[in-house]
Amino acid sequence: MSNSDPNHRTPSPPDPNPMPPSSWAKKTGFRPKFSGETNAADSGPITTPKPKPREPDPNLDLEAGRVTPPPTANGDKALPPPKKRRDSDGVPKTSILSTNGQAPPPPPRRTERHEEVVDGDGFVSRHSHMKYDLRDSPGLVPIGVYGIQQYLSILGSLVLIPLVIVPAMGGTHEDTSMVVSTVLFVSGVTTLLHIAFGSRLPLIQGPSFVYLAPALAIINSPEFQALNGNKFKHIMKELQGAIIIGSAFQALLGYTGLMSLLVRLINPVVVSPTIAAVGLSFYSYGFPLVGTCIEIGAVQILVVIVFSLYLRKISVLGHRIFLIYAVPLGLAITWAFAFLLTEAGAYSYKGCDTNIPASNMVSEHCRKHFSRMRHCRVDTSQALKSSPWFRFPYPLQWGTPVFHWKMALVMCVVSLISSVDSVGSYHASSLLVASRPPTPGVLSRGIGLEGLSSVLAGLWGTGTGSTTLTENVHTIAVTKMGSRRAVQLGACFLIVLSLVGKVGGFIASIPEVMVAGLLCFMWAMLTALGLSNLRYSEAGSSRNIIIVGLSLFFSLSIPAYFQQYGLSPNSNLSVPSYFQPYIVASHGPFHSKYAGLNYVLNTLFSLHMVIAFLVAVILDNTVPGSKQERGVYVWSEAEVARREPAVANDYGLPLGVGRIFRWVKWVGL
């Protein structure tokens, strides 16, 4: 029966040609939501035609984080995720935080460098923003330029650790020069080994800040406080023994395949606070040492901040020199400024000589200004003059390593934390430069080789282990250079440079206050890089917020309890104030009849990164949460990787070595 009411209108059928989803998403600011905690409330009832039933999608891949959103109001197909945008550093970003899973299938043709390729799931090809990918070889000159650039950009991470630990061991400027040359040599060799037979990703190996705190704890052990003659060599041999045992444990984790099982417990919510705690743990060392010559230390920090933040977008010949070279440029400018002050007589006091110890000075005037002269003047070091032009670092150059089980056990735990750090670096770098993330076997192989690399570092005597430098991932993203050929050529250049003794002497001559200023920036960067791993999870989830917050807070509070236990305000300690947190082994709360066990427990629980890791790994693996919410790392499946030539070329071992590992599937493709 027809309706005679003139005001009645028959509902019009749905538009057969609706607005394209991408345009609709751009105009309305649509953001797909995956967490129930962040869904926006409905603004009111809307009458819409009944949505059509959908057929199940056979290509649904929950492991890769590609969840089909619910149908829209008009019954059309769900909107694809919005295309990636670029941030101020040129790195693509998207509102969807679950892109840490499987890579999209490779396109049938190779595209131009700056052409965006969107697959059927709406993901943009990873290579659209990179100048050179993993297997590219653009020519000797570009490779050489980019290779040297990679190492200059992370210069602070390579050379600053010896400038901290050698003086703490009682070493001279000449000892510091020799250790710096050794670090450069071992870093070049281990980088070549890792790229060839490890993960095969363009990651630089070197002394990690993960090893700095336990090294300082061993250096400040009670049994070493009374040493006088050859204190440096004695403590170095103790460090070598501990590093060799801890690194052998790491190699065992990797090559037995245990790491591929352990990695199931390691996700962004675990990696993030663990790495962040490494940077935060040195707050007592940074600015207190800068304050010994505030006019130079503060200038050092400010110059680096201006270069890396305010001038980061300035490009010269296509290179963001101020962002990439913030540390070496800041060091050069501050050093020149300090040199001018020294030559102008700002730190010259009549009748005072910095070569005379303060205890032997007769004049009260000289004793008063001794600290200022020692920290502010740039001509107090004789390392450059005393260094030879040629020196070849060789194994066991400090003597035969000394092995003590209590120090070795501490380093075993530290090597595990180092592996957690490397897992995050492998995943982040593979998303930038490779066709897919590595398989668990490739990851185990990389960790195993890092263990062998640290064994070499222990034999040569660098004072720390060798591991993947987290800062390298940031450099790859900024420079857009992902070619492993460039990093290999840079490693060869580093080896040649290490043979020139004057280079080590020049680096050892950097004034201590400038080292502290650079370290303030480096540790802040390391903290930020650690927290940036949360972008692979739902950072706004209350679950993740609470876990990360608890991990970071207790990583600061629990070690503070151990470090302050048993110390009275009037305690007369034989170490500087900035080293006091590392003498906990002598006064910690554990006091059983087993002195070795007391040493291990007091030392481990005073390390911030250990507490952060324990809290995060327990909570993340016991508190319920979806894979999408946790941001679970999704590694490539071995069977799929073997069938894809691109993945095999990315991670396959060269020179026929891969045939050996065919029978050892847990460390191969």
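Here the structure is shown first, and the text comes after it.
Residues numbered from 1 in each chain as written. Predicted model: local features only at pLDDT ≥ 70, side-chain atom pairs only at ≥ 80, totals over all residues. Heavy atoms only, no water.

1. Observations concerning the overall build of the protein
A count of helices and strands for the protein gives 26 helices and four strands. Across the protein, the fraction of contacts at a sequence separation of at least 24, relative to all contacts at a separation of at least 6, is 81%. When the accessible surface of the protein is totalled, it reaches about 30500 Å², and 63% of it is carbon and sulfur. (Helix = DSSP H or I, 4+ residues; strand = E, 2+ residues; numbered from the N terminus. Contact = heavy atoms within 4.5 Å. Areas by Shrake-Rupley, 256 points an atom, 1.4 Å probe, with all protein chains shown as cover.)

2. Observations regarding the environment of alanine 612
Following the sequence through the fold, alanine 612 ends up in helix α23 (residues 608-622). Assessed through its relative accessible area of 0%, alanine 612 is described here as buried. Each C-alpha atom, one on alanine 612 and one on leucine 550, is 8.4 Å from the other, the two residues being 62 residues apart in sequence. Setting aside residues no more than four positions away along its own chain, alanine 612 makes contact with Pro273, Thr274, Ala277, Ser551 and Ser555. (Buried < 20%, exposed > 50% of the residue type's maximum accessible area, 1.4 Å probe, protein only.)

3. Observations regarding helix α12 (residues 326-343)
With 18 residues, α12 should reach 26 Å at 1.5 Å per residue; the first-to-last C-alpha distance of 26 Å fits that figure. Every buried residue of α12 is listed here: Ala326, Val327, Pro328, Gly330, Leu331, Thr334, Trp335, Ala338 and Thr342. A positive phi of about 85° marks glycine 345, the residue just after α12. (Expected span 1.5 Å × (residues − 1).)

4. Notes on a nonpolar patch on the surface
Judged by side-chain polarity, Trp389, Phe390, Phe392 and Tyr394 come together as a nonpolar surface patch covering roughly 540 Å² of accessible area. Among the secondary structure elements, phenylalanine 390 is positioned in the loop between α14 (383-386) and α15 (405-433). (Patch = residues over 30% accessible without salt bridge, like charges linked within 9 Å, V, L, I, M, F, W, Y side chains within 5 Å. Salt bridge = Lys/Arg side-chain N within 4 Å of Asp/Glu carboxyl O.)

5. Brief notes about the environment of glutamate 343
Position of glutamate 343 relative to the elements: it lies in helix α12. The class of glutamate 343 is exposed, set by a relative accessible area of 54%. Once the C-alpha coordinates of glutamate 343 and aspartate 379 are considered, the two residues, 36 residues apart in sequence, prove to be 9.4 Å apart.

6. Overview of the state of the cysteines
A full pass over the atoms with the stated rule returns one disulfide. Covalent S-S linkage joins cysteine 293 and cysteine 376, the inter-sulfur distance amounting to 2.0 Å. Linking cysteine 293 and cysteine 376, the disulfide has an S-S dihedral of approximately 125° and is accordingly described as right-handed. Residue cysteine 293 is found in the loop between α9 (286-290) and α10 (294-310), and its partner cysteine 376 is found in helix α13 (residues 364-376); the two are separated by 83 residues along the sequence. Both residues of the pair, cysteine 293 and cysteine 376, belong to the buried class. (Disulfide = S-S within 2.5 Å.)

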